[in-house]
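Okay, here's what each chain looks like letter by letter:
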Amino acid sequence: MKKNYIISIDFGGTKILSALVNSKEGIIARVKKSTKDAATKAELAALLYESIVELLDGNNVLETSVKSICIGAPGSVDPFTGVIGLAPNLGFQNFNIKDALQKFTDIPVLLENDVNLAALGIANFDVAKDKQNVLVVFIGTGIGGGWILNGNIYRGNTYAAGEIGHMHVLDNGPICGCGNKGCFEAVASRSAMVRDIVKDIKSGKRSKLSKLVKAKAQIKSKSLYNAMASADPVTAFHVHKACAAIGKTLAGINNLMNLDMIVLGGGVIEAMKAFTVPIIKTTFNQFSLKQSSKKTKIVVSKLLDDAALYGGIPLTKEFLNIEV
Ligand SMILES: [Zn+2]
């Protein structure tokens with residue numbers, strides 16, 4: 001039988017990761033590009049198409065065997081028109097990426113928010129398979145959320161559902177990228193942890209991360225992990241504080257929603273699972289109503305960053321009624 005595929009494109013502020021995928025073989029091949037190589041919207045569409053051609057040619061796949069191109073993008077997207085509305089990390093707004101890419105190819109182009117796409121992947125191919133009511137939370141530079149409710153993706157009235165990162169959690173808290181103060185991601189993302197650690201080091205506290213701060217180097221999740229592994233007190237304090245905020249916020253959401261499962265992913269969780277998840281679970285239990293949380297599982301995604309690539313498969317079923 002002829003094989004069918006989709007091409008999934010995970011489109012972020014720094015990189016564009018494209019993959020040839022189907023449900024039988026999973027991720028068959030990948031191509032990576034730098035978002036910085038495109039200065040305009042037209043160049044960006046051309047760069048995406050270049051990735052698609054590389055995947056087709058590199059794997060001897062005909063365009064007719066590819067049933068959809070599924071783009072996952074951060075920020076507010078309209079999956080029905082193909083417009084990326086506002087994406088601060090991408091540096092442009094109101095971009096109809098579907099129309100732009102459709103100029104190069106007849107393969108149907110689908111668009112979805114990146115965390116929603118990850119939620120679809122997790123609910124169909126990962127730890128939340130067969131679960132009906134699930135919140136997916138990705139903790140990295142920011143904090144993103146995606147809902148599966150009654151077995152389906154929940155997009156909300158203007159497709160903006162899942163913005164867990166902008167729930168207000170702290171009065172007079174740190175300023176957030178959205179302009180408000182005290183948002184969840186301004187308190188508990190990796191950026192928030194790093195900001196507070198750097199502040200402590202600059203005020204004279206000794207830390208394993210002092211060298212990186214002195215060299216003005218970026219502090220990534222891996223460096224946080226190393227500092228935690230060597231019991232660095234400054235890092236431990238701020239990682240604990242952030243994870244406690246995560247546990248509390250998830251408890252509040254679950255008191256409201258009484259979920260089957262909360263799935264965690266993202267750079268912070270991936271790199272520091274052993275240090276973060278136990279604190280998140282402890283605080284979650286502390287602030288949960290027993291009746292709401294007794295059957296709610298907190299689980300780490302196994303697919304992690306690949307979840308969004310798999311999410312294109314159920315998206316293709318939903319919009320085109322094609323199974324690949
Ligand atoms: Zn915010």
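Here the structure is a predicted model, which is why all the values come from computation and not from measurement.

Novice: Pulling in residues and values, what's your account of the sheet that holds strand E5 (residues 76-78)?
Specialist: Within a sheet, adjacent strands bond to each other through the backbone by hydrogen bonds, running parallel or antiparallel. Reading across the sheet, the 3 strands line up as E5-E6-E7 and stay open at both edges, with antiparallel pairing between neighbours. If you trace the sheet from one side to the other, it starts and ends with E5 and strand E7 (92-96), each paired once. Sheet twist, expressed as the average angle between the axes of neighbouring strands with direction ignored, equals 10°. Looking at chain direction, E5 and strand E6 (residues 83-87) are connected through 3 bridges and run antiparallel. Residue Val-77 lies in a different strand from E6, and its bridge partner there is Ile-84.

Novice: Quick one: what's the story with the pairing of strand E8 (residues 109-113), residue by residue and with numbers?
Specialist: For E8, the tally of buried residues reaches 5 of 5 residues, placing the bulk of the element in the interior. Of the two faces of E8, the one lined by Val-109, Leu-111 and Asn-113 and the one lined by Leu-110 and Glu-112 are each fully buried.

Novice: I'd love a proper account of helix H11 (residues 307-320), names of residues and values included.
Specialist: Between its terminal C-alpha atoms H11 stretches 20 Å, which fits the 20 Å expected from 14 residues at 1.5 Å a residue. Burial analysis of H11 places 10 of its 14 residues in the buried class, which makes it a mostly covered element. The complete set of buried residues in H11 reads Ala-307, Ala-308, Leu-309, Tyr-310, Gly-311, Gly-312, Ile-313, Pro-314, Leu-315 and Thr-316. One or two positions beyond H11, positive phi appears at Asn-321, with a value near 55°.

Novice: Give a description of the nonpolar core that names residues and reports values.
Specialist: Membership of the largest hydrophobic core comes to 94 residues, with the highest contact counts inside it found for Ile-69, Ile-71, Ala-119, Ile-122 and Val-136. Structurally, this core is a two-domain feature, drawing no fewer than three residues from each of domain 1 (5-119 + 306-320) and domain 2 (131-301). Aside from chain neighbours lying at most four places away, what touches Ala-119 is Val-136, Gly-146, Trp-147, Ile-148 and Ile-153.

Novice: Explain the sheet that holds strand E10 (residues 143-149) residue by residue, including any values.
Specialist: Spatially, the 5 strands line up as an open sheet ordered E11-E10-E9-E12-E13, and their pairing is mixed. Two strands close off the open sheet at either side, each with one partner strand: strand E11 (152-154) and strand E13 (297-300). Looking at each pair of strands side by side, their axes are set apart by 25° on average, direction ignored. Alignment of strand E9 (residues 134-139) against strand E12 (residues 261-265), held across 5 bridges, turns out to be parallel. When the sheet's bridge partners are listed, Val-136 is paired in E12 with Val-263. Relative to the sheet, helix H3 (residues 114-125) contacts E9, E10, E11 and E12, its axis offset from that of E10 by approximately 50°.

Novice: Pulling in residues and values, what's your account of helix H8 (residues 233-257)?
Specialist: Taking 1.5 Å of rise per residue, 25 residues should cover 36 Å, and H8 covers 36 Å from first to last C-alpha, within 8% of that figure. Asn-258 sits one or two residues past H8 and shows a positive phi near 50°.

Novice: So what's going on with the pairing of E9? Residues and values would help.
Specialist: The buried fraction of E9 is high, at 6 of 6 residues. With burial as the criterion, each face of E9 is covered, one bearing Val-134, Val-136 and Phe-138 and the other bearing Leu-135, Val-137 and Ile-139. Strand direction decides the pairing type here: E9 and E10, joined by 6 bridges, are antiparallel. Across the sheet, the residue bridging to Val-134 is Ile-148, located in E10. Hairpin connection between E9 and E10: a loop of 3 residues separates the two successive antiparallel strands.

Novice: Would you mind going over the domain arrangement of the protein chain in detail, with residue names and values included?
Specialist: Think of interface size as the accessible area that goes away when the parts come together; that is how it is often given. Partitioning the protein chain into structural domains gives domain 1 (5-119 + 306-320) and domain 2 (131-301). Between the C-alpha centres of domain 1 and domain 2 there is a distance of 27 Å. Contact with domain 1, which involves 10 residues of that partner, is made by 15 residues of domain 2. The element best represented in the side of domain 1 that touches domain 2 is H3, accounting for 4 residues. Here the side of domain 1 that touches domain 2 is built from residues that sort into 7 nonpolar, 2 polar and 1 charged.

Thresholds applied
Residues numbered from 1 in each chain as written. Predicted model: local features only at pLDDT ≥ 70, side-chain atom pairs only at ≥ 80, totals over all residues. Pairing = 2+ DSSP bridges. Helix = DSSP H or I, 4+ residues; strand = E, 2+ residues; numbered from the N terminus. Axes fitted to C-alpha atoms, helices over the stretch in contact; angles between N-to-C directions. Buried ≥ 20, exposed ≤ 12 C-beta atoms within 10 Å, placed from the backbone. Expected span 1.5 Å × (residues − 1). Core = buried A, V, L, I, M, F, W, Y, C linked by C-beta atoms within 7 Å. Domains from an automatic or database assignment. Contact = placed C-beta atoms within 7 Å. Nonpolar A, V, L, I, M, F, W, Y, C, P; charged D, E, K, R; others polar.

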